[in-house]
Amino acid sequence: MTTTSRAVRRAPSPSRRAATPPDPARELLPSAEPVRMLDPSGTPLPSTLTEPDLDQLREMHRRMVVGRRFDAQSTALTKQGKLAVYPSSRGQEACQVGAVLALREDDWVFPTYRESTALVSRGIDPVEVLTLLRGDWHCGYDPAARRTAPQCTPLATQCVHAAGLAYGEAYQGRDTVALAFIGDGATSEGDFHEGVNFAAVFKAPVVFFVQNNKYAISVPLSRQTAAPSLAYKGVGYGVPAEQVDGNDPVAVLAVLTRAVAHARAGKGPYLVEAHTYRMEPHTNADDATRYRDGAEVEVWRDRDPIVRLEAYLRARGVLDDEAVAAVTAEAEAYAADLRERMHDKPAVDPLSLFDHVYAEPTPQLREQREQVRAELAADADREGEN
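What you see is a predicted model; the values in this text were computed from it and never measured. (Residues numbered from 1 in each chain as written. Predicted model: local features only at pLDDT ≥ 70, side-chain atom pairs only at ≥ 80, totals over all residues. Heavy atoms only, no water.)

*Asks:* Please clarify how the overall build of the chain should be interpreted in this entry.
*Replies:* Along the backbone of the chain there are 12 helices and seven strands. For the chain, the C-alpha atoms occupy an extent of roughly 135 × 60 × 45 Å along the three principal directions. Counting across all 386 residues of the chain, residues that qualify as buried make up 45%. Pairs at least 24 apart in sequence give 76% of the contacts found in the chain among residues at least 6 apart. Here the chain displays about 20,100 Å² of accessible surface, and carbon together with sulfur accounts for 52% of that area. Positive and negative charge centroids in the chain, built from 44 and 55 side chains respectively, lie 10 Å apart. (Helix = DSSP H or I, 4+ residues; strand = E, 2+ residues; numbered from the N terminus. Buried < 20%, exposed > 50% of the residue type's maximum accessible area, 1.4 Å probe, protein only. Contact = heavy atoms within 4.5 Å. Areas by Shrake-Rupley, 256 points an atom, 1.4 Å probe, with all protein chains shown as cover. Lys, Arg positive; Asp, Glu negative; His and termini not counted. Charge placed at Lys NZ, Arg CZ, Asp CG, Glu CD.)

*Asks:* Teacher, can you tell me more about the layout of surface pockets here?
*Replies:* Space left empty within the atom packing is revealed by a probe, the size of a water molecule, rolled over the atoms. The computed volume of the largest pocket comes to approximately 370 Å³. Forming the boundary of the largest pocket are 16 residues, of which Gly135, Asp136, Trp137, Val348 and Ser352 lie nearest the centre. Its residues assigned to classes, the lining of the largest pocket shows six nonpolar, six polar and four charged. Empty space within the second largest pocket amounts to approximately 300 Å³. Around the second largest pocket sit 22 residues that line it, and Tyr113, Leu155, Gly183, Gly185 and His282 are the ones nearest its centre. Going through the elements one at a time, β2 (178–183) and β4 (215–216) are the ones with two or more residues in the lining of the second largest pocket. Its residues assigned to classes, the lining of the second largest pocket shows 10 nonpolar, nine polar and three charged. (1 Å grid on protein atoms, 1.4 Å probe; cavity = no way out; pocket = protein on both sides within 12 Å on 5 of 7 lines; lining within 4 Å. Points joined across faces, edges and corners; volume = space filled by probe spheres on them. Nonpolar A, V, L, I, M, F, W, Y, C, P; charged D, E, K, R; others polar.)

*Asks:* Please explain the pattern of salt bridges as it appears in this structure.
*Replies:* Here the idea is simple: oppositely charged side chains can pair when their charged atoms come close. Scanning all chains against the criterion turns up 24 salt bridges. Measuring nitrogen to oxygen at the nearest pair gives 3.0 Å for the salt bridge that ties Arg341 to Asp125. Of the two residues, Arg341 is situated in helix α11 (residues 321–342) and Asp125 in the loop between α3 (116–121) and α4 (126–130); the sequence distance between them amounts to 216 residues. Relative accessible area serves as the criterion here: at 26%, Asp125 is assigned to the partly exposed category. For Arg258, the salt bridge is made with Glu242, and the minimal N-O distance between the two is 3.2 Å. Of this pair, Arg258 sits in helix α8 (residues 249–264) while Glu242 sits in strand β6 (residues 241–245), and the two are 16 residues apart along the sequence. For Arg258, a relative accessible area of 35% puts it in the partly exposed group. (Salt bridge = Lys/Arg side-chain N within 4 Å of Asp/Glu carboxyl O.)

*Asks:* I'm lost on the packing of aromatic side chains in this one. Help?
*Replies:* A ring pair, where both rings are aromatic, is described by two values, the distance of the centres and the angle of the planes. Applying the stated criterion across every chain, the model contains nine aromatic pairs. Ring centres 6.1 Å apart and planes at 40° place the aromatic pair Tyr167 and Tyr171 in the tilted group. With Tyr167 and Tyr171 both in helix α6 (residues 157–171), this residue pair falls four residues apart, about one helical turn. In this structure Tyr167 comes out as partly exposed when scored by relative accessible area, which is 29%. Accessibility expressed as a relative area gives 68% for Tyr171, which makes it exposed. By the ring-pair criterion, three or more aromatic residues cluster together here, those being Tyr167, Tyr171, Phe198 and Phe202. One residue, Arg303, lies across the ring of Trp300, its end atom 4.4 Å from the ring centre. (Phe/Tyr/Trp six-rings, centres within 6.5 Å; stacked < 30°, edge-to-face > 60°. Lys NZ or Arg CZ within 6 Å of the ring centre and 35° of its normal.)

*Asks:* Explain the sheet that holds strand β3 (residues 206–212) to me, please; I cannot follow it from the model alone.
*Replies:* The strands making up a sheet associate through hydrogen bonds between their backbones, and the pairing can be parallel or antiparallel. The strand order across the open sheet built from five strands is β1-β2-β3-β7-β6, with neighbouring strands paired in parallel fashion. Across the chains shown, the open sheet's two edge strands, defined by having one partner strand only, are β1 (108–110) and β6. Between one strand and the next, the sheet's axes are offset by a mean angle of 20°, whatever the strand orientation. Pairing of β1 with β2 involves three bridges; the strand directions are parallel. Directly across from Trp108, in β2, lies its bridge partner Ala178. Running at roughly 170° to β2, α6 makes contact with β1, β2 and β3 of the sheet. (Pairing = 2+ DSSP bridges. Axes fitted to C-alpha atoms, helices over the stretch in contact; angles between N-to-C directions.)

Written out as structure tokens, the structure reads:
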């Protein structure tokens, strides 16, 4: 009688087991908590990021102080009827100025309607910055010369523009970076997703910078997304992302500097979410008390980015009372010059309202233009009789 041997199945040895493949999403995910390098009192916190140099931070402080004074003056001009509307960015100065300082002069900026402080920080004449908000038909400055797109009122359309320009610059062999400012509300728009996806697929050197100020006009963030943070939206498109305390100027500048370097190195787009807060109403036409209470505002007032950076720079010995007074005086002079020049009414031809509507004016447009021309002529005749 013979016996039949049977093969015995044995578990493979540990050395022969297939290695677990790395998680491709790991490098894309933001930090679990917003990056911070200073606490609200200005005390340094442990961080692995490279801290910006003190001269750069002192310049950041100067621009933030001037920017806030500009913002306050613009709000006052709106109340005086000098501007049709003004969206304040008070409380978001670290984001506005940090983004500008992280870029080179030949990089491009794609702002929303709330980035007036960023534009004056970029060196654009404040009267030109406010031209659009006075009701003019153009943005006031030369976008090509200033490497700054017109302030964008439609939500998120600037994301597509930034992605396209960045791709075009890279295609021509230039190392230009484009930075698109985005509000939290804009991340709910299709153009945001299209812009990020295009940039990811074609490795366009663009930084998408989301200023999450907690409200899309009156809609709180909780009604827009269930994501842990808006920065997590990057992983769905293969885009690395980070979230940062938007009221910590040192952290904002450090994170954005790293994001810009990533894009400039040819590694594709980067998404940054800054957690900040809009201290003023959405615009002068908004009543913020209808959807948020004063206690919430006071909590964020204690996280003031200018106060935080000033305390840090004083502790480092590069800012004192005399230096602060000098910056304050500069900001007041800046506001006074803006106030004086905004009193000059621009010469406007009412008939220019019909220019550039169509390449070839329609019959209806010609008829409307003739009606306005006739009314203006009649008014002139009446004034001549008087």
